[in-house]
Amino acid sequence: MHISLDTMVDTLKAAAESSRLRILVLLSRGDLTVSDITEILGQSQPRVSRHLKLLLDAGLIGRYQEGSWAFFRLTDTDNSRDFVQRLVSGISEADPQVVRDLERLAAVKRRRQDRAAEYFSENAASWDHIRSLHVPDRAVEAALLKLVGKRPFQSMLDLGTGTGRLLEIFAPLYRRGVGIDMSREMLTVARANLDKAGIANAQVRQGDIFSPPVERNAFDLVTIHQVLHYLDDPARAIGEAARLLRPSGRLIVVDFAPHNLEFLRDQHAHMRLGFSDRQISEWFAEAGLDLEDSQEFEPRGGNEARLTVKLWLARDRRLLIADPSNDSLQARETA
């Protein structure tokens, strides 16, 4: 897609200022709040807010709300994002101002990781108990990577992203990744994990799985990992996920097979005690999806009652019509 001469001039004007270029450099490394940017740039909040507004008006960055916090990110529009990335890549990281900014950014990210570690330590015992009841996460992750394959794709959405782990393992494949979670504490953990892994092509946002703050018909891969059992209406969540897929896009659900561990309902807020293949298949069909694969991971070792993990893969029934953005991506893959 091409833009007009006047629009390009306005875009270049918005970016052609040292503070705004510094902001673009910072946002190319992850989402930040106004307070974060103010601290890093060493400027007043009104001045930083003015720079952000000019970049927003030019379509170079985006904004989303998370409770009382406002986060800023590079734009989701592929053409504008590519333009910003090319612009930023031409700036030397050895520039003294950039060096100072990145040092302050590292301090901001260390504080995120400290908050995440604190939250983890408070909840680790509970999570570790549930983990001990089923197959190790690495086995499921290996199956997920094999199932999705090695071919790059445009976009991924992880609903109920939790620690952001799926965004992390699929990062080499997608151009843009988005994670949605209702818990601000979990989003803190996810951001810290993505920062630590050096992943800049993914972002996480606060939102409801039944009404995620993302565009429809926009994602090649949507994942729902160990989330459905917390929901009172899993079928609705699958229906919503289906509406977010591009034609021929894929939905992966990972959850438990039916079980009778009532303590998970009483002590860990599980609304559903697992799901059968038939139930998941029916929900897929109602959402316009075809079940393509299901895999089962039985628990290992020990005599305690344990959990079987299930993985289901579905595909959107609509045919993928030629899309210039997909064509250009395929051209880059085969070049």
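Here, the structure is the one placed above.
Residues numbered from 1 in each chain as written. Predicted model: local features only at pLDDT ≥ 70, side-chain atom pairs only at ≥ 80, totals over all residues. Heavy atoms only, no water.

(A) Representation of the overall build of the protein in the model. Check the secondary structure of the protein and you find 13 helices and 10 strands. Scored against the burial criterion, the 335 residues of the protein give a buried share of 48%. In the structure as shown, the protein presents an accessible area of about 16200 Å², 51% of it carried by carbon and sulfur atoms. (Helix = DSSP H or I, 4+ residues; strand = E, 2+ residues; numbered from the N terminus. Buried < 20%, exposed > 50% of the residue type's maximum accessible area, 1.4 Å probe, protein only. Areas by Shrake-Rupley, 256 points an atom, 1.4 Å probe, with all protein chains shown as cover.)

(B) Just the sheet that holds strand S8 (residues 245–256), in detail. Taken in spatial order, the 7 strands make up an open sheet running S6-S5-S4-S7-S8-S10-S9, and their pairing is mixed. Edge positions in the open sheet fall to strand S6 (202–206) and strand S9 (289–297), since each of these has one partner strand only. In this sheet, neighbouring strand axes are inclined to one another by 15° on average, regardless of whether the strands run parallel or antiparallel. Two strands pair when backbone bridges link them, and S9 and strand S10 (residues 309–316) are joined in this way by 8 bridges, in the antiparallel orientation. (Pairing = 2+ DSSP bridges. Axes fitted to C-alpha atoms, helices over the stretch in contact; angles between N-to-C directions.)

(C) Main features of helix H10 (residues 234–244). For H10, a buried count of 8 out of 11 residues is recorded, marking the element as mostly surrounded by other parts of the structure. Those residues of H10 that are buried are in contact with strand S4 (153–159), strand S7 (219–225), S8, helix H12 (277–286), S9 and S10. (Contact = heavy atoms within 4.5 Å.)

(D) Molecular detail of the nonpolar core. In this structure, Leu144, Met156, Phe170, Tyr174, Ile252 and Leu311 are the most contacted members of the largest nonpolar core, which totals 33 residues. Elements represented by at least two residues in this core include exactly helix H7 (137–148), S4, helix H8 (165–170), helix H9 (184–196), S6, S8 and S10. By residue number, the principal contributor to this core is H7, which donates 5 residues. With near-sequence residues (within four places) excluded, Leu144 lies in contact with Leu166, Phe170, Ile252, Val254 and Leu311. With 29 residues, the next largest nonpolar core counts Val178, Leu228, Ile280 and Phe284 among its residues. (Core = buried A, V, L, I, M, F, W, Y, C linked by side-chain atoms within 4.5 Å.)

(E) Geometry of the packing of helix H2 (residues 18–27) against helix H5 (residues 78–89). One can describe the packing of H2 onto H5 by two numbers: an axis separation of 10 Å at closest approach and a directional angle of 105°. The pairing of H2 with H5 is recorded here as roughly perpendicular in orientation. The residues of H5 that touch H2, namely those facing Leu21, Leu24 and Val25, are Val84, Leu87 and Val88. (Parallel < 35°, antiparallel > 145°, perpendicular 65-115°, else oblique.)

(F) Expanded view of the pairing of strand S5 (residues 174–181). The element S5 is extensively covered by neighbouring structure, given that 7 of its 8 residues are classed as buried. Pairing between S4 and S5: 6 bridges, direction parallel. Counted as the bridge partner of Ser155 is Arg176 from S5. As for the winding sense of the linkage, the β-α-β connection from S4 through H8 to S5 is right-handed. Relative to S6, S5 is paired through 5 bridges, and the arrangement is parallel. Looking across to S6, one finds that Val178 is bridged to Gln203. Following the backbone out of S5, through H9 and into the adjacent parallel S6, one traces a crossover that is right-handed. (Right-handed = clockwise from strand over helix to strand, strands pointing away.)

(G) The arrangement of the environment of Asp36 in detail. Among the structural elements, Asp36 can be located in helix H3 (residues 34–41). Under the relative-accessibility criterion, Asp36 is labelled buried at 13%. Put simply, Asp36 and Leu105 are 69 residues apart on the chain and 8.0 Å apart in space, counted from C-alpha to C-alpha. For Asp36, the contacting residues outside a window of four places in its chain are Val108 and Arg112.

(H) Layout of the packing of helix H1 (residues 5–15) against H2. Here H1 crosses H2 at 90°, and the two axes come no closer than 7 Å. Our classification of the angle between H1 and H2 gives roughly perpendicular. For the pair H1 and H2, contact is made by Lys13, Ala14 and Ala15 and by Arg20, Leu21 and Leu24, respectively. For the contact of H1 with H2, the class distribution of residues is 4 nonpolar, no polar and 2 charged. (Nonpolar A, V, L, I, M, F, W, Y, C, P; charged D, E, K, R; others polar.)

(I) Region of the structure containing H5. Here H5 spans 16 Å end to end across 12 residues, near enough to the 16 Å set by a 1.5 Å rise per residue. For H5, every residue scored as buried is listed here: Arg81, Phe83, Val84 and Val88. The arc that holds every buried residue of H5, seen down its axis, measures 160°, which confines them to one face. Turned more than 90 degrees from where H5 packs its buried face, Arg86 and Ser89 sit exposed. Where H5 is buried, its residues meet H1, H2 and strand S3 (69–74). (Expected span 1.5 Å × (residues − 1). Arc of directions from axis to C-beta.)

(J) Quick look at the environment of Arg47. Among the structural elements, Arg47 can be located in helix H4 (residues 45–57). Separated by 28 residues in the primary sequence, Arg47 and Ser19 place their C-alpha atoms 9.7 Å from one another.

(K) Fine view of the pattern of salt bridges. In total, this model carries 18 salt bridges according to the counting rule given. The shortest N-O distance in the salt bridge between Glu168 and Arg165 comes to 3.3 Å. Of the two residues, Glu168 and Arg165 both sit in helix H8, 3 residues apart, roughly one turn of that helix. Linked by salt bridges that have partners in common, Glu141, Arg165 and Glu168 make up one network. (Salt bridge = Lys/Arg side-chain N within 4 Å of Asp/Glu carboxyl O.)

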